[in-house]
Amino acid sequence: MSTPLPPVSRKTFDEVMVPNYAPNEIVPVRGEGARLWDQQGREYLDFACGIAVTGLGHCHPKLVAALTEQASKLWHVSNVMTNEPALRLARRLTELSFASRVFFANSGSEANEAAFKLARKHASLKHGPAKHEIIAFHNAFHGRTLFAVSVGGQEKYTQGFEPLPGGITHLPFNDVAALERAVTARTCAVVVEPVQGEGGVTPATPEFLAAARELCTRHKALLIYDEVQTGNGRTGTYFAYEQFGVVPDVLTTAKGLGGGIPVAAMLTTEEIAASLSFGTHGSTYGGNPLATAVALAAVEEISRPETLANVRARGEQIREGVLSTARRYGVFDGVRGMGLLIGAPMSAAWKGRAKDVVNTALRKGLWCLVAGPDVVRIAPSLVLSEADAAEGLRRLDAACAELAALPRASNA
Ligand SMILES: *Cc1c(COP(=O)(O)O)cnc(C)c1O
């Protein structure tokens, strides 16, 4: 018998962890479906999904089965050898998308790093090193590696980390005229989220993506979609781009891909993939059999028409619920997003207080997210039941009622 480990709590975080996060007081210890339980045994409805990751809820039986089966078979072999789960997952992702080639990584940042490097390499090989400029957008989020924060459009994430990689231009999101002025023969890629997630749950306009496609084609640049957050059923189709009818050259995805196991992918065409020839890029863990076996099970579940139909139905239900809460208390100024990636922007009177809503909702037993200081973000399980959606909405409403009832001074 091993000796029991000494207890840990939120306080331990401050003693042993780098302070780059400020986690909530609650420490979840168990999850099942749409629910979580903390160290004290309190139950929460999870409308956050670990930031749009656990799309099938917690401990989905099919994922547990895939994980346990693979766990006793083969965990890791490196890319010196290929493996069956990775090949099966890659084949499935090509069936579900425009793509015919797949590169696996472990996180959204790494998938984007691969995409940006591919764009540079491809342009360099085909057109020479002058064609290296990457165009991205204000408020975009592409991850936390140095290249990813540099392409991302939020200065707070690059401050103090200079010098940054160069050749990156940021434009206003959804501004077709600005894009037309900026894309030139020197552009190697335009990088865009079909719905800006971290930046405030702001969908691209169809005209904007169509313009990006046309300009990229005309100037021989790659159109890269960052579907790290919007992919894997989150918006009601397997990938969000299907709803825009505008096909990219490269697509990155992660978050929901593994249902909670770290895995990411970059998808592209055979022709473009050829530029990442042998030895040009790699990852020790990328495509490891344990992660890809779980992801394969997740992709199978998510891509079922019933799952995607549920995303759309629950999305409508939650949007309506948020709107009725907005009408009752004036906290939100409407609702936006796609499928089960939903943003409720704070009204003028409640500016900067999205965090207050999230904290109060947590005390009512609902975990949701912010997307910046002014947007409450809701990203529940894709297989959420109608009853759980209604219960979560009741808890959100109760939180907003409590905040709205506070004396005016504290609402100032
Ligand atoms: C979360 C996110 C990333 C970064 O993913 P990590 O796994 O944290 O590296 C990149 N792009 C988008 C759109 C994201 O939402």
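Data block above holds the structure.
Calculation rules
Residues numbered from 1 in each chain as written. Predicted model: local features only at pLDDT ≥ 70, side-chain atom pairs only at ≥ 80, totals over all residues. Heavy atoms only, no water. Pairing = 2+ DSSP bridges. Helix = DSSP H or I, 4+ residues; strand = E, 2+ residues; numbered from the N terminus. Contact = heavy atoms within 4.5 Å. Axes fitted to C-alpha atoms, helices over the stretch in contact; angles between N-to-C directions. Phe/Tyr/Trp six-rings, centres within 6.5 Å; stacked < 30°, edge-to-face > 60°. Buried < 20%, exposed > 50% of the residue type's maximum accessible area, 1.4 Å probe, protein only. Core = buried A, V, L, I, M, F, W, Y, C linked by side-chain atoms within 4.5 Å.

How should I be thinking about the sheet that holds strand E17 (residues 375–378) in this particular structure?
Strand pairing within a sheet occurs via backbone hydrogen bonds; the two strands may be parallel or antiparallel. Taken in spatial order, the 4 strands make up an open sheet running E13-E14-E17-E16, and their pairing is antiparallel. Bordering the open sheet on either side are strand E13 (336–338) and strand E16 (369–370), each of which pairs with just one other strand. Sheet topology note: the E16/E17 ladder contains 2 bridges and is antiparallel. The residue bridging valine 370 from the neighbouring strand is valine 376, located in E17. Running over the sheet, helix H11 (residues 305–329) touches E13, strand E14 (341–345) and E17 and is turned about 10° from E14.

Can you help me understand the packing of aromatic side chains in this one?
The description of two aromatic rings rests on the distance between their centres and on the angle between their planes. On inspection of all chains with the given rule, the structure shows 9 aromatic pairs. Ring geometry for phenylalanine 137 versus phenylalanine 208: centroids 5.1 Å apart, planes at 70°, classification edge-to-face. In this pair, phenylalanine 137 is assigned in strand E5 (residues 133–137) and phenylalanine 208 in helix H8 (residues 206–218), connecting sequence segments 71 residues apart. When sorted by exposure, phenylalanine 137 lands in the same class as phenylalanine 208, which is buried. Between phenylalanine 239 and tyrosine 241, the ring centres sit 6.2 Å apart and the planes meet at 20°, which makes this aromatic pair stacked. Here phenylalanine 239 and tyrosine 241 have matching classes, each one buried. Within the aromatic cluster, the residues linked to one another by ring pairs are Phe98, Tyr225, Tyr238, Phe239 and Tyr241.

Looking at this structure, I do not really get the nonpolar core. What am I missing?
Soluble, globular proteins show a tendency: their nonpolar side chains are buried together. By size, the foremost hydrophobic cluster in this structure holds 84 residues, and its most contacted members are Leu179, Ile318 and Phe332. If you tally residues by element for this core, the top one is helix H10 (residues 289–302), at 8 residues. Beyond its immediate chain neighbours, meaning those up to four positions away, leucine 179 contacts Ile135, Phe137, Leu171, Val190, Phe208, Ala211, Ala212 and Leu215.

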